[in-house]
Amino acid sequence: MRMKCADSRPVGRSLWGAAIVVSLILASDAPAEEWPRWRGPHGDGTWQGPKLPEAWPAEGLRVRWRQAIGGGYAGVSVAGGRVFVMDRQQQPQEVERVLCFDAATGQPLWRDEYKVTYGELDYGSGPRAAPTVFEGRVYTLGAVGHVRCLNAADGSIAWSHDCVEEFNARIPEWGFAASPLIHENLVIVHVAAEPGGCLMAFDRDDGREVWRSSSDPAGYATPIVIDRAGGPQLVAWTPERVLGLSPRTGQIEWSVPYKVTYGVSIATPICQEGLVFVAGYWEGSKAIRLGGRRSEVELAWEDNDSLRGLMSQPLYRDGFAYLLDKRFGLTCFELRSGRKLWDDGNKATPRGRNPQASLVWLGDGDRAMILNSEGELILARLNPQGYQEQSRVGILGPTWAHPAYAGRMVYARDDQELVAVELPLADGQRGQEGAKGR
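Quick caveat: nothing in here was measured; it's all calculated off a predicted structure.

1. Describing the sheet that holds strand β29 (residues 386–394)
Working step 1: Overall, antiparallel pairing links the four strands, which are arranged β26-β27-β28-β29 in an open sheet. With partners counted over all chains shown, the strands left at the sheet margins are β26 (357–361) and β29, one partner each. Within this sheet the neighbouring strands show an average axis-to-axis angle of 25°, counted without direction.
Working step 2: Here strand β27 (residues 367–372) pairs with strand β28 (residues 376–383) via five bridges, running antiparallel. Residue pairing across strands places I370 opposite I378, the latter belonging to β28.

Structure follows, in structure tokens:
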């Protein structure tokens, strides 16, 4: 039986409608996709935007607007012409905030805030998880366990939970970091409730608990939903195991042990070619082959030498994956075998104790955009032949947060500000825009 293994996509009433809208927009040569959740519209770090030039302009990129915000590592999300981001303020009292801005002008539209106590939370500048926007609502998870469901139009609260207070959730050393995942009528969070709630699912309309599963501690990786025989399957990476579960019931359908040092299961798994791939900082990478039945899995290969990732999310295209290795930098390898082809010698982002870069495929062939830890936006070609950097420009200060791409803009944040930076169009695209304007 043929098996499809794809990256996470939310399944719900709006999915096919959204796909039709995107197709129509693409057909009109207009900028297409927004960025409504972690890792973009498809959950795999790919973005269908306008055609970009071969290099950034000599004068740099135009900043359309800036807004001062507080600290945090939470990625940015964009949906319905609005930008959503989380931060933390410490004066006059300690609060986490969900902020909403007009995507075109940067005008603040609303904010939701609630009291928190970070205490001795390590790297405690602010929230870690990107908001998830779906069917007119915004779902968030704060660093110390607050799950919120807000109405995207005005920020009013639909429902909320304090997972530590209500469910005895165990906060990991660096705080909760996995973004809420939408599947059908559920919102799934990775919070390590006790008992048996490493993963919890709530009804996304009213917030009632639907299921909880696994006694593993909380890691930092956002789960994904993949296609399997018999229906969708939830894949989650905890500090103890890689798990396959029923997303409707939470029942564990397979488990592969993988105990990681300091609990740093961080990067979201990818699933391609019938393989689930995860990359750890100390213990390295594992590729798990999925069998014909939902419970059938086996270890395909593992590497503890040259494929050791941390926060950066791997990319996949045409049989090859691209990973930010902690020693060698951006690295290309064959997914089915783990065979390494090349590394960039730490060109894309500086080597350090915690190397970071956010990698995103553009829609045109082998080109990618990379926001590195220095706040530089890089345009590059990634393919089995090597790393070819075309251009780079600084757009903000040092950051580990994932940017969002929507229309002709990149929205990025550091611990002081949120910026909207305009992406230039290729020559042909500029001509089309001018003709439409006339």
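2. A closer look at the layout of surface pockets
Working step 1: When its volume is computed, the second largest pocket comes out at roughly 720 Å³.
Working step 2: Lining the second largest pocket are 33 residues, and of these W174, I266, L310, M311 and W400 lie nearest its centre.
Working step 3: Looking at the lining of the second largest pocket, its residues break down into 20 nonpolar, ten polar and three charged.

3. A look at the side chain of R88
Working step 1: With respect to the helices and strands, the residue R88 is situated in strand β3 (residues 82–89).
Working step 2: Overall, the relative accessible area of 12% leaves R88 in the buried class.
Working step 3: Of note is the side chain of R88, whose polar atom sits 3.5 Å from the side chain of Q90.
Working step 4: Contacts of R88, omitting those with residues within four sequence positions, involve G70, G71, E94, V95, E96, Y118, G124, S125, G126 and P127.

4. Details of the packing of aromatic side chains
Working step 1: This model, assessed by the stated rule, comprises 19 aromatic pairs.
Working step 2: Look at W65 and Y411: their rings are 6.0 Å apart centre to centre, the planes differ by 45°, and that puts the pair in the tilted class. Taken together, the positions of W65 in strand β1 (residues 63–68) and Y411 in strand β31 (residues 409–413) put the pair 346 residues apart, joining distant regions of the chain. Of the two residues, W65 and Y411, neither departs from the other in class, the shared state being buried.
Working step 3: Between Y262 and W282, the aromatic rings sit 5.3 Å apart at their centres with planes inclined by 65°, giving edge-to-face as the arrangement.

5. Topic: the nonpolar core
Working step 1: Core analysis: the largest hydrophobic core is formed by 35 residues, its most contacted members being M369, L377, I395 and Y411.
Working step 2: For this core, the elements supplying multiple residues, two or more each, are β3, β4 (95–102), β27, β28, β30 (404–406), β31 and β32 (417–422).
Working step 3: In contact with I395, other than residues within four places in its own chain, are L61, L371, G375, L377, V410, A412, V419 and V421.
Working step 4: Core analysis: the second largest hydrophobic core is formed by 20 residues, L141, C163, I182 and V187 among them.

6. Here we look at the sheet that holds strand β21 (residues 297–303)
Working step 1: Strand order in the open sheet formed by four strands is β18-β19-β20-β21, with antiparallel pairing between adjacent strands. Each having just a single partner strand, β18 (270–272) and β21 make up the two edges of the open sheet. For this sheet the average axis-to-axis angle between neighbouring strands, irrespective of direction, equals 25°.
Working step 2: Bridging between β18 and strand β19 (residues 275–279) involves three bridges; their strand directions are antiparallel. Opposite C271, over in β19, you have V276 as the bridge partner.

7. Here we look at the environment of R392
Working step 1: With respect to the helices, strands and loops of the structure, R392 is situated in strand β29.
Working step 2: Sequence separation between R392 and G60 is 332 residues; the distance between their C-alpha atoms is 8.8 Å.
Working step 3: Every residue in contact with R392, bar those within four places of it in the chain, is listed here: W56, K347, A348, N372, E376, L377, I378 and Y387.
Working step 4: Here the side chain of R392 touches K347 through a polar contact of 2.8 Å, landing on its backbone oxygen.
Working step 5: Side-chain polar atoms of R392 contact the side chain of E376, separated by 2.7 Å.

8. A word on the pattern of salt bridges
Working step 1: One pass over the full model with this rule turns up 28 salt bridges.
Working step 2: In this structure, R381 and E54 form a salt bridge, with 3.3 Å as the shortest nitrogen-oxygen distance. With a gap of 327 residues between them, R381 in strand β28 and E54 in the loop between α1 (15–27) and β1 connect regions that are remote in the sequence.
Working step 3: Accessibility expressed as a relative area gives 21% for R381, which makes it partly exposed.
Working step 4: Judged by its relative accessible area of 45%, E54 is partly exposed.
Working step 5: The salt bridge partner of R289 is E298, with a shortest N-O separation of 3.1 Å.
Working step 6: Given a relative accessible area of 35%, R289 falls into the partly exposed group.

9. A few points about the pairing of β19
Working step 1: Most of β19 sits inside the fold, with five of its five residues counted as buried.
Working step 2: Burial of β19 is two-sided: the residues L275, F277 and A279 facing one way and the residues V276 and V278 facing the other way are all buried.
Working step 3: Connecting β18 to the next strand, β19, in antiparallel fashion are two residues, including E273 with a positive phi near 55°.
Working step 4: As defined by bridge partners, β19 adjoins strand β20 (residues 285–290) across five bridges and the pair is classed as antiparallel. The partner of L275 across the bridge, within β20, is R289.
Working step 5: Here β19 folds back onto β20 in antiparallel fashion, the turn holding five residues, of which G284 has a positive phi close to 85°.

10. Examining the confidence of the model for the chain
Working step 1: Per-chain confidence: the chain averages 91 in pLDDT, with 90% of residues scoring 70 or above.
Working step 2: pLDDT under 50 marks residues 6–30. Its contacts with residues more than four places away, or in other chains, come to 44 contacts.
Working step 3: Per-residue pLDDT stays below 50 along residues 434–438; that stretch engages in three contacts with residues further than four places along the chain or on separate chains.

What counts and what doesn't
Residues numbered from 1 in each chain as written. Predicted model: local features only at pLDDT ≥ 70, side-chain atom pairs only at ≥ 80, totals over all residues. Heavy atoms only, no water. Pairing = 2+ DSSP bridges. Helix = DSSP H or I, 4+ residues; strand = E, 2+ residues; numbered from the N terminus. Axes fitted to C-alpha atoms, helices over the stretch in contact; angles between N-to-C directions. 1 Å grid on protein atoms, 1.4 Å probe; cavity = no way out; pocket = protein on both sides within 12 Å on 5 of 7 lines; lining within 4 Å. Points joined across faces, edges and corners; volume = space filled by probe spheres on them. Nonpolar A, V, L, I, M, F, W, Y, C, P; charged D, E, K, R; others polar. Buried < 20%, exposed > 50% of the residue type's maximum accessible area, 1.4 Å probe, protein only. Polar contact = N/O pair within 3.5 Å; in protein donor to acceptor, adjacent residues only side chain to side chain. Contact = heavy atoms within 4.5 Å. Phe/Tyr/Trp six-rings, centres within 6.5 Å; stacked < 30°, edge-to-face > 60°. Core = buried A, V, L, I, M, F, W, Y, C linked by side-chain atoms within 4.5 Å. Salt bridge = Lys/Arg side-chain N within 4 Å of Asp/Glu carboxyl O. pLDDT = per-residue confidence, 0-100.

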